[in-house]
Structure formats: structure tokens, C-alpha cells
Amino acid sequence: MIFNPHKFGIHKLLKNIPLNGVFDAPYRAAVKKAVNIADLRSIAKARAHKMVFDYLDAGGDDEITLRRQKDAYTQLECHYKVLAGIKPPLDLSTKIFGMDVKLPFFGCPTAGNRMFHWEGETAAAKAAQHHGTLYGLSSLATTGITEIGRLHDGPKVFQLYVWKDRELVKDVIAQAKEGGFNSLALTVDFTWYGNRERDIRNDFSIPPKYNLKQTIGAIAKPAWTYDFLSHEPYSYACINKDVPADSLAAFVNSQIAPEFDWKDAEWLLGEWNGPAALKGVVRPDDAKRSVDLGFSSVWVSNHGARQLDTSPATIDVLPSIRAAVGPDVEIILDGGVQRGTDIAKALALGADSVGVGKAYLWGLAAGGTDGVIKAYDILKVELDRAMGLLGTATVDDLKREGPDLIKRRAPSVRDYPDRYASERGYGGGIV
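Residues numbered from 1 in each chain as written. Predicted model: local features only at pLDDT ≥ 70, side-chain atom pairs only at ≥ 80, totals over all residues. Heavy atoms only, no water.

**Q** Would you take a moment to explain the packing of aromatic side chains for this structure?
**A** Geometry of an aromatic ring pair is reported as the spacing of the ring centres plus the angle between the planes. Scanning the entire structure with this criterion turns up 11 aromatic pairs. Between Tyr161 and Phe190, the ring centres sit 5.0 Å apart and the planes meet at 45 degrees, which makes this aromatic pair tilted. Here Phe190 lies in the loop between β7 (183-187) and α9 (197-202) and Tyr161 lies in the loop between β6 (156-160) and α8 (166-178), a separation of 29 residues in the sequence. Accessibility classification places Tyr161 together with Phe190 in one group, the buried group. (Phe/Tyr/Trp six-rings, centres within 6.5 Å; stacked < 30°, edge-to-face > 60°. Helix = DSSP H or I, 4+ residues; strand = E, 2+ residues; numbered from the N terminus. Buried < 20%, exposed > 50% of the residue type's maximum accessible area, 1.4 Å probe, protein only.)

**Q** Got a minute to help me understand helix α4 (residues 50-57) in this structure?
**A** The buried fraction of α4 amounts to 7 of the 8 residues, a majority that puts the element mostly inside the structure. For α4, the full list of buried residues reads Met51, Val52, Phe53, Asp54, Tyr55, Leu56 and Asp57. Where α4 is buried, its residues touch α3 (37-47), α5 (64-74), α9, α10 (212-220), α11 (222-229) and α17 (358-390). (Contact = heavy atoms within 4.5 Å.)

**Q** Can you walk me through the nonpolar core in this structure?
**A** Note on soluble globular proteins: their nonpolar side chains tend to be buried together. In terms of nonpolar packing, the biggest core is built from 112 residues, with Phe158 and Trp163 touching the most fellow members. Sorting elements by how many residues they give to this core places α17 first, with 17 residues. In this structure, Cys108, Leu134, Val157 and Ala185 belong to the second largest nonpolar core, which totals 11 residues. (Core = buried A, V, L, I, M, F, W, Y, C linked by side-chain atoms within 4.5 Å.)

**Q** So what exactly am I meant to see when it comes to a nonpolar patch on the surface here?
**A** Together, Leu13, Ile17, Leu19 and Val22 give the surface a local cluster of nonpolar side chains, amounting to about 350 Å² of exposed area. Within the element layout of this structure, Val22 appears in helix α2 (residues 20-33). (Patch = residues over 30% accessible without salt bridge, like charges linked within 9 Å, V, L, I, M, F, W, Y side chains within 5 Å. Areas by Shrake-Rupley, 256 points an atom, 1.4 Å probe, with all protein chains shown as cover. Salt bridge = Lys/Arg side-chain N within 4 Å of Asp/Glu carboxyl O.)

**Q** What should I look at first to understand the pattern of salt bridges in this one?
**A** Pairs may arise between side chains of opposite charge once their charged atoms sit close together. Under the definition given, this model contains 22 salt bridges. The partner of Glu167 in a salt bridge is Lys170, and the shortest N-O contact between them spans 3.8 Å. Of this pair, Glu167 and Lys170 are both found in helix α8, 3 residues apart, which corresponds to roughly one turn of the helix. A single network of salt bridges, built from pairs that share partners, joins Arg41, Lys50, Asp54, Asp57, Glu63 and Arg198.

**Q** Explain the packing of helix α13 (residues 262-272) against helix α14 (residues 284-293) here, please?
**A** To describe two helices that pack against each other, one gives the angle between their axes and the distance between the axes. As a packed pair, α13 and α14 sit with axes 10 Å apart at the nearest point and diverge in direction by 40 degrees. On the basis of their axis angle, the class for α13 and α14 is oblique. As α13 packs across α14, the resulting crossing turns out to be right-handed. Along the contact surface, α13 presents Trp262, Ala265, Glu266 and Leu269, while α14 presents Asp286, Arg289, Ser290 and Leu293. Along the lines of polarity and charge, the residues of the contact of α13 with α14 split into 4 nonpolar, 1 polar and 3 charged. (Axes fitted to C-alpha atoms, helices over the stretch in contact; angles between N-to-C directions. Parallel < 35°, antiparallel > 145°, perpendicular 65-115°, else oblique. Left-handed = near helix turned anticlockwise from the far one by under 90°. Nonpolar A, V, L, I, M, F, W, Y, C, P; charged D, E, K, R; others polar.)

**Q** Explain the side chain of Ser297 to me, please; I cannot follow it from the model alone.
**A** Note that Ser297 resides in strand β9 (residues 297-300). Ignoring anything within four residues of it in the chain, the contact list for Ser297 reads Phe97, Ala276, Ala277, Leu278 and Glu330.

**Q** Honestly, the environment of Val291 in this entry has me stumped. Any pointers?
**A** Within the secondary structure layout, Val291 lies in helix α14. In this structure, the C-alpha to C-alpha distance between Val291 and Gly112, residues 179 residues apart in sequence, is 30 Å.

**Q** Teacher, can you tell me more about the pairing of β7 here?
**A** Looking down a regular strand, the side chains alternate between one sheet face and the other. Counting buried residues along β7, 5 of its 5 residues qualify, which places the element largely inside the surrounding structure. Residues Ser183, Ala185 and Thr187 of β7 are buried on one face, and the alternating residues Leu184 and Leu186, pointing to the opposite face, are buried as well. Looking at chain direction, β6 and β7 are connected through 4 bridges and run parallel. Residue pairing for β7: Leu160 is matched across the bridge by Leu186. With α8 bridging β6 and its parallel neighbour β7, the resulting β-α-β unit is right-handed. (Pairing = 2+ DSSP bridges. Right-handed = clockwise from strand over helix to strand, strands pointing away.)

**Q** What should I look at first to understand the pairing of strand β10 (residues 330-334) in this one?
**A** Counting buried positions along β10 yields 5 of 5 residues, so the element is predominantly enclosed. Neither face of β10 is exposed, since Glu330, Ile332 and Asp334 on one face and Ile331 and Leu333 on the opposite face are all buried. With helix α15 (residues 314-325) bridging β9 and the parallel β10, this β-α-β connection has right-handed handedness. In the sheet, β10 pairs with strand β11 (residues 353-356) via 3 bridges, with the strands oriented parallel. Within the sheet, the bridge partner assigned to Asp334 lies in β11 and is Gly355. After leaving β10, the chain enters helix α16 (residues 340-348) and then returns to the sheet as β11, a path that is right-handed.

**Q** When you look at unusual backbone geometry in this model, what are you seeing that I'm missing?
**A** Most of the time, phi is negative for any residue but glycine, and the peptide bond is trans. Look at the link from Pro88 to Pro89: it is a cis peptide, with omega at 0 degrees. Within the fold, Pro89 resides in the loop between β1 (76-78) and β2 (94-96). At Asp61, a residue that is not glycine, the phi angle is positive and equals roughly 50 degrees. A residue is classified by how much of its surface remains accessible, and Asp61, at 32% relative accessible area, is partly exposed. Phi at Thr310 is positive, roughly 75 degrees, even though this residue is not glycine.

**Q** Explain the packing of α16 against α17 to me, please; I cannot follow it from the model alone.
**A** Orientation of α16 relative to α17, taken along the N-to-C sense of each, is 55 degrees, at an axis distance of 7 Å. Comparing their axes, α17 and α16 come out oblique. At the point where α16 passes α17, the crossing takes the right-handed sense. Across from Gly340, Thr341, Ile343 and Ala344 in α16, the residues of α17 making contact are Leu379, Glu382, Leu383, Ala386 and Leu390. Taken together, the residues of the contact of α16 with α17 sort by class into 6 nonpolar, 2 polar and 1 charged.

Pasting the structure below:
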């Protein structure tokens, strides 16, 4: 039997001894000074338990797609215009799922946010509300739909996996509608669980196994450990509040439906009856078929490079998918985005909006709500600067003129970072 301190009520004792502020003080100070997303990654790595950080940071197998996904942006050059006659403030507003937002990027729905910081999904929702953009909630979230609805009154997308139990699907969809979620994203690239070898080497589990290795790791990260021990144990609140986190693997394995097909997707659309995206598309033919079936949006994604290694970088397949579905279908893209210039390039090459995952989760693991807001701040400033230097005053201008502004170059060693880049959070290139 796994020892679990929460079962002995340790969190009830520790919550009355508020040492979180003491342990987190140096990380809060570091978050304020962060210059870029790589800085937030470094802070997250310093604060979080190794197995937790690696779970967030890792990709599948040899992590080839994880590296390529970032490197692909270096092969896209910005052929900027001069004397464009624009001046600040630029207009970063757009529409996502037909709803007005102030930014053309947002935090992707991701599972188990309270694993990284006790504020969890509430921190991401507050940051999205702060910046006036879309919020995405995972069906494996550790915060409930109702609570998110109280924190974020703007556009929201609910992410759903391909569950076997249709009654479960109906129940979750009903909750999402009642909670004010305007759109649905069906994730279809998670029919098998990816091989994440960092997790295997770290003996990753939820909750930790409290063996010698994990205990030593916890002692080395007192801020994360006190955070974890002094708050209520988390459950996966959108599916079944009675399913504890340590039962997640068994629950997911019992519910994921590898046989889920296009007919099942059509049934789901009928149950939702609203704006919906097929999430996990990398092929033009799948994109076109999803639109023909009735999906209003195509979400170009490879699950953060965490599933099938050597799958293509999403930015590389984006132009062909745009060509396949035409100019009027909404396309969302995520994958490898860590700079405002990455967002600008994706918008220029066919995306209507851009999702970020690791970038805001590093902020969450580094500093809770303040860390996520900082991640958004960084990306917003970088995107604004990129658009200004490119000579585009609005997101629509960038999308319209994009193919003439962003052009691919042949790979060169000059595209890759120096040998010390990995220490600054850049995973690709020469190490």
C-alpha cells in the first residue's frame, strides 16, 4: 500500500502554518525579473520536484519532435517591410470560435494543473481573464467547471477526450454548457498513451510513491513540497470528483476508446450542437474531412510532441492544411511556441489563433497566477514588437500579408543555437 500523508490529515495541520510565502519568496522575485519564457522554464525547474518538472517538460520517445517543433520556427525568416506608417498601440484583438478576444493566443487546455502549483487551473483562468483571451479547460482538470466559470466570464473552450462511456460524455458536455463554455475541442491524438521515457526513469506517479528517491527529490524542492503537502489532495473534478488522482491511470485506461472513429465524432457534434474543433490534426485530408463532417474549426496539434515521436512540427504542416480547408475555416495551432515571433509566424502562415502549453505551465510551476500572467505579458510584448517590426498594425493585416512576410529558408547550422543553449531552456540544435 502506498503511503499518502494526505490520508493522515497532514495538509490540515500544515495549512495553519503558512510557510508557502517563505519558501516561494525567491521564486516570486525571480518571476518578476524574468525576461523571456526560457527564464520561466529555469525558475520552474528550480522550484518543482524533478519528476513533476520532467512530466511537464518532456516529449515522447527520443524527443525528436519536441526539438524539431522549436527548431522549425528558426527556419522561417521575417521579411519585414519598412516605412509602413504604423504606430502604437497595435491592435492584437481577433476572434476565436467566433468570440471577441484581446489576444490572438491563449493557454491550451492541459491536465492536472494543481500538480505544478496549488492554484492550478484557477491561475490560468485568472491570467486569461486578466488579458481578455480564451481559456481552455481540460476534461482531466483538477478544478471544476463551475469554479472556472466564476473566475473567467469570457470565451471558454472545453477539451474532451475520446471516452468509451457515452453517458459520461453526455454528462460532461452538459456540465460544460451549464458552466458557460462556448466551444468544444475533441482531442483525437490520445487514443494510445505516448511513451514518455523521462516519466519512466523518474518513476513518475500521482501521488508520489514516497520512496527514497522521491523523498530525496522532495527535500531538494521545499517550495513545491510544502505547496503539495499543505493543500487538499486533488481529484479530476470534471469527470468524477470521487476519482482520486492516484486512480487516474486506471480510470483513463478504462475509458479511452482507441476504436473511436468519424461516426463517433459525428455523434458527439450532434450532442454538443455548437462551435467545435477537432484537435490533433496534422494531415490536410483529415482537416478537410473534419470540416465536411461539421467541425467549425481545425486544431493543428501533435499533443505537444508527447505522443508519436517524429510526427511533423505543426508549423510545417500548417500551410498545407490552410490550403486544404480554404480561407474561411478557422484554424488553431499549437506546438513549440515559446516566442512572440513564433505566434506571429503561425498567424502569418494560416493560423487564426495560437495555443501555448509549456510556456504558460512553466509560468504556473514557477509562480502560480503571477507566473502565468508573466508568461502572457512576455508573449504579448514580443508579439506586439514582432508585428510592429514586420510592418503590420493588426492581426488581420498580419494574416493577409503573412505569406509575403514569412518565408522558409534552407536549413543551416546558423539556424541552431550554441552549445550552451540548453542551459537557457532551448532544447534544439547543437548541445
